[in-house]
Amino acid sequence: GLGSIGQRHLENIKKNKNIRYIKIGTVTTGKGNKNIPINLKKNLLIFNSYNEALKWKPTHLIISNPTSLHKKILTKFANNKIKIFIEKPIFDKFYDLKKININYKNIFVGYNLRFSLFFNFIKEVISKKTFGKALVSRFEVGNYLPNWHTYENYIKSYASNKKLGGGAYLTLSHEIDLAQFLFGKIDKRFILKEKVSNLKIDVDDTATILLKSKLCKVINIECNFLFSYLIRRGWIQFSKGLLEYDYFKKRIYFTNPIDRKKIIIYKKKENYNDQFKKEVNDFIFGKTNNFCKLEDALTILKINKIN
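In this text, all values refer to a predicted model and were calculated from it rather than measured experimentally. (Residues numbered from 1 in each chain as written. Predicted model: local features only at pLDDT ≥ 70, side-chain atom pairs only at ≥ 80, totals over all residues. Heavy atoms only, no water.)

S.K.: Please explain helix H6 (residues 117-127) as it appears in this structure.
M.R.: For an α-helix, 3.6 residues make a turn, and residues three or four places apart therefore share a direction. By the burial criterion, the buried members of H6 are Phe118, Phe119, Ile122, Val125 and Ile126. Buried positions in H6, seen along its axis, are confined to an arc of 110° and lie on one side of it. Exposed residues lying more than 90 degrees from the buried face of H6 are Leu117 and Ser127. Capping the start of H6, Ser116 holds a side-chain oxygen 3.2 Å from the backbone nitrogen of Phe118, two or three residues further along. Downstream of H6 by one or two residues, Lys129 has phi in the positive range, about 55°. (Buried < 20%, exposed > 50% of the residue type's maximum accessible area, 1.4 Å probe, protein only. Helix = DSSP H or I, 4+ residues; strand = E, 2+ residues; numbered from the N terminus. Arc of directions from axis to C-beta. Polar contact = N/O pair within 3.5 Å; in protein donor to acceptor, adjacent residues only side chain to side chain.)

The following block contains the structure:
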């Protein structure tokens, strides 16, 4: 798939100085071919079918088309000893993959926030217990959906359509993965998904999730397509004080409950694309410590099951 995220990965691979020589192909047909920028088409092999691509015997595969098509492609390529990188969310619903003969160790999922220096700083604070034990946390993420991808009609976006695997929960599930990246294994306590706005979509536009883990007993997550502006922020209440963060301002604060002074503990600029560069570089060269593994991605889908 060569939509916006597929094009981002392709461009980052082509500009990667660690790669001296690499052959790149894509499976795309019809309108998809016309939408590929000229600079990305250079030296790009274009296949008209998955079978044609399989005969080419690729070593790595990036699945970045609509979520509802991920399972079909995974099952077709997974038994061919190919390293596979699937964009999030991995599927539109939970599937029991035990029935499919696949190598779990060769499959990685594109939750790119795991490669952000910003959130790795927070992870280090938690692991080192800099401010004591994490007690309660809250994560908020969202944007007004019509303003999200200005280059397309939001009504036709995959995020707006159930058949493409859309909805606030799945589309904005980065924060759910972030919770397990920071705190380890997560379990569901409560989930509420609703469409509460007048947006012309057939999926949930807001999701409220309550989780727990060993490192943080209460984890609140709010995802929605309704915020008036782009938001990615949150807080963690530690035993020794409050950590607050605003991802887009690139600020992390800490407040001691005794003197109640809020201080900045992190203030570094970070190019948003750098985490994608790191992600695809590690995928190609096998440095997979930060990657979301298949089991973690399936956990996010299990939590999505309301029954």
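After presenting the structure, the write-up continues.
S.K.: Teacher, can you tell me more about the pattern of salt bridges here?
M.R.: Pairing is possible between side chains of opposite charge, provided their charged atoms come close. The final tally for this structure, using the stated rule, is nine salt bridges. Among the salt bridges present, the one from Glu140 reaches Arg138, with a minimum N-O distance of 3.0 Å. Since its relative accessible area comes to 16%, Glu140 is described here as buried. The closest approach of N and O atoms between Lys262 and Glu244, which form a salt bridge, is 3.3 Å. Within this pair, whereas Lys262 is found in strand E13 (residues 262-267), its partner Glu244 is found in strand E11 (residues 241-246), the two being separated by 18 residues in sequence. (Salt bridge = Lys/Arg side-chain N within 4 Å of Asp/Glu carboxyl O.)

S.K.: Any chance you could explain the packing of aromatic side chains here in plain terms?
M.R.: In this description, an aromatic ring pair is defined by two values, namely the gap between the centres and the angle between the planes. Counted by the stated rule, this structure contains 22 aromatic pairs. Between the aromatic rings of Phe85 and Phe291, the centroid separation amounts to 5.7 Å while the plane-to-plane angle is 75°, which identifies the pairing as edge-to-face. Here Phe291 lies in the loop between helix H9 (272-285) and strand E14 (292-293) and Phe85 lies in strand E4 (residues 83-87), a separation of 206 residues in the sequence. Each member of the pair, Phe85 as well as Phe291, is classed as buried. Seen from their ring centres, Phe119 and Tyr245 are 5.5 Å apart, and the 85° between their planes marks the pair as edge-to-face. Taken together, the positions of Phe119 in helix H6 and Tyr245 in strand E11 put the pair 126 residues apart, joining distant regions of the chain. Relative accessible area serves as the criterion here: at 0%, Phe119 is assigned to the buried category. (Phe/Tyr/Trp six-rings, centres within 6.5 Å; stacked < 30°, edge-to-face > 60°.)

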